[in-house]
Amino acid sequence: MENNIAFLELKYGNIYGGFPNFFAIAEVSLLVFEKRSKKIFTETWINKADVDYVSVYSKTNELGHTVGRNKVVINMRTGRTRPFLEEFKVDKRALQYSFKQLRPVHSRVKRFLLDALRKYQIQTIITFDGRRDIFLCERAGVRFGRANIIDLQKELNKETDYLFSLNKLSVIINFDMDGSYLRSNNLEYWLHPIAAKQLRPKSAAWDAARLLMIHNEFYEHRPDFLVKAQQLLNKIQALKDVEEE
């Protein structure tokens, strides 16, 4: 029986002012869950290139429902942010500098992921709306071989006929991190303090942790999960009805 299961999350975005169809990887996180011991291991790679990229994130209400989208410019090396200006275009020399800075990224992502997959003997990888994540990893040279890649968003869509976001699902399971503990409606896992430090809100590791808890709530406590999912959808619909009135 397979013991380890991995949850893969990437953070990526366009070079600020560059091509809209070119995505630079900013973070890669592989969170490993050991089924027998309930231990959690987190492996994270962070891009330290001197490149400004555009991070897009959802603004949500208390129900996890998206009410808007924000864009912010982040420097990979320093983590500093600045406002996003739609009309900004980077000049050719600066763009070439960014591409030069990003040149080693593919080999580093490939080495990081292959080492981590080998270290934990991973056969099953869970993603969430992960088609582009997998594509970017493969473009970096990662060959997943015989690994079983499961997109949890698609699995949930088959079960509920609704395309849930990670934010809504986090509300459904009542996701919480308290010190070195990950908690949800029915589950609690202890994290080693070194692993816990990697779990910063909006980071790839944070999303991987949310994905772990959603996955385990769904597969281990499915009836409760489905009831709470329907309750959330009812609340969202009720709120829409009030707003329309």
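This text goes with the structure placed above it.
Definitions and cut-offs
Residues numbered from 1 in each chain as written. Predicted model: local features only at pLDDT ≥ 70, side-chain atom pairs only at ≥ 80, totals over all residues. Heavy atoms only, no water. Helix = DSSP H or I, 4+ residues; strand = E, 2+ residues; numbered from the N terminus. Rg over C-alpha atoms; globule rule 2.2 N^0.38 Å. Buried < 20%, exposed > 50% of the residue type's maximum accessible area, 1.4 Å probe, protein only. Contact = heavy atoms within 4.5 Å. Areas by Shrake-Rupley, 256 points an atom, 1.4 Å probe, with all protein chains shown as cover. Pairing = 2+ DSSP bridges. Axes fitted to C-alpha atoms, helices over the stretch in contact; angles between N-to-C directions. Parallel < 35°, antiparallel > 145°, perpendicular 65-115°, else oblique. Nonpolar A, V, L, I, M, F, W, Y, C, P; charged D, E, K, R; others polar. Expected span 1.5 Å × (residues − 1). Polar contact = N/O pair within 3.5 Å; in protein donor to acceptor, adjacent residues only side chain to side chain.

**Let's talk about the overall build of the chain**
Right, on to step 1. Helices and strands together make up the secondary structure of the chain, namely eight helices and 11 strands.
Right, on to step 2. Taken against the 2.2 N^0.38 rule, which gives 18 Å for 245 residues, the C-alpha radius of gyration of the chain at 19 Å falls within 12% of a compact globule.
Right, on to step 3. In terms of its C-alpha atoms, the chain occupies a principal-axis envelope of roughly 55 × 55 × 35 Å.
Right, on to step 4. Taking all 245 residues of the chain together, 45% fall into the buried category.
Right, on to step 5. In the chain, the proportion of contacts linking residues at least 24 apart, taken out of those at least 6 apart, comes to 65%.
Right, on to step 6. Surface exposure of the chain reaches about 13700 Å², of which carbon and sulfur atoms provide 49%.

**Re the sheet that holds strand β2 (residues 23-34)**
Note on sheets: strands pair through backbone hydrogen bonds, and any given pair is parallel or antiparallel.
Right, on to step 1. Read across the open sheet, the five strands follow the order β3-β2-β1-β7-β8; overall the sheet is mixed. Edge positions in the open sheet fall to β3 (39-46) and β8 (148-151), since each of these has one partner strand only. Here the average twist between neighbouring strands, direction ignored, is 25°.
Right, on to step 2. Taken together, the four bridges between strand β7 (residues 124-127) and β8 define a ladder with parallel strand orientation. Bridging from a neighbouring strand, Ile 125 pairs with Ile 149 of β8.
Right, on to step 3. Here helix α4 (residues 152-160) sits on the sheet and contacts β7 and β8; the angle it forms with β8, its principal contact strand, is near 55°.

**Considerations on the packing of helix α7 (residues 204-220) against helix α8 (residues 222-244)**
Right, on to step 1. Packing of α7 against α8 leaves a shortest axis separation of 5 Å and a crossing angle of 115°. By the angle between their directions, the pair α7 and α8 is classed as roughly perpendicular. Counting all contacts with α7, which are made through Ile 214, Glu 217, Phe 218, Tyr 219 and Glu 220, the residues of α8 involved are Arg 222, Phe 225 and Leu 226.
Right, on to step 2. For the contact of α7 with α8, the per-class residue count stands at five nonpolar, no polar and three charged.

**Focus on α8**
Right, on to step 1. End to end, α8 covers 33 Å across 23 residues, agreeing with the expected 33 Å (1.5 Å per residue, within 8%).
Right, on to step 2. Among the residues of α8, Phe 225, Ala 229, Leu 232, Leu 233 and Ile 236 are the ones counted as buried.
Right, on to step 3. Check the buried side of α8 and you find it contacts α4, α5 (166-173) and α7.

**Here's the deal with the sheet that holds strand β4 (residues 52-60)**
Right, on to step 1. Across the sheet, which stays open at both edges, the three strands sit in the order β4-β5-β6 with antiparallel pairing between neighbours. Both edges of this open sheet fall to β4 and β6 (81-83), since each of them pairs with a single strand only. Averaged over all pairs of adjacent strands, the angle between strand axes in this sheet comes to 40°, irrespective of strand direction.
Right, on to step 2. Judged from the three bridges that link them, strand β5 (residues 66-75) and β6 form a sheet pairing that is antiparallel. By the bridge assignment, Val 73 is partnered in β6 with Arg 82.

**Thoughts on the side chain of Asn 3**
Right, on to step 1. Within the secondary structure, Asn 3 sits in the segment before β1 (4-14).
Right, on to step 2. Looking at Asn 3, the relative accessible area reads 14%, which means it is buried.
Right, on to step 3. For Asn 3, the side chain forms a polar contact with the main-chain nitrogen of Arg 36, separated by 3.0 Å.
Right, on to step 4. Apart from the residues lying within four places of it in its own chain, the contact partners of Asn 3 are Phe 33, Glu 34, Lys 35 and Arg 36.

Geometric descriptors of this kind do not, in isolation, establish any biological role.
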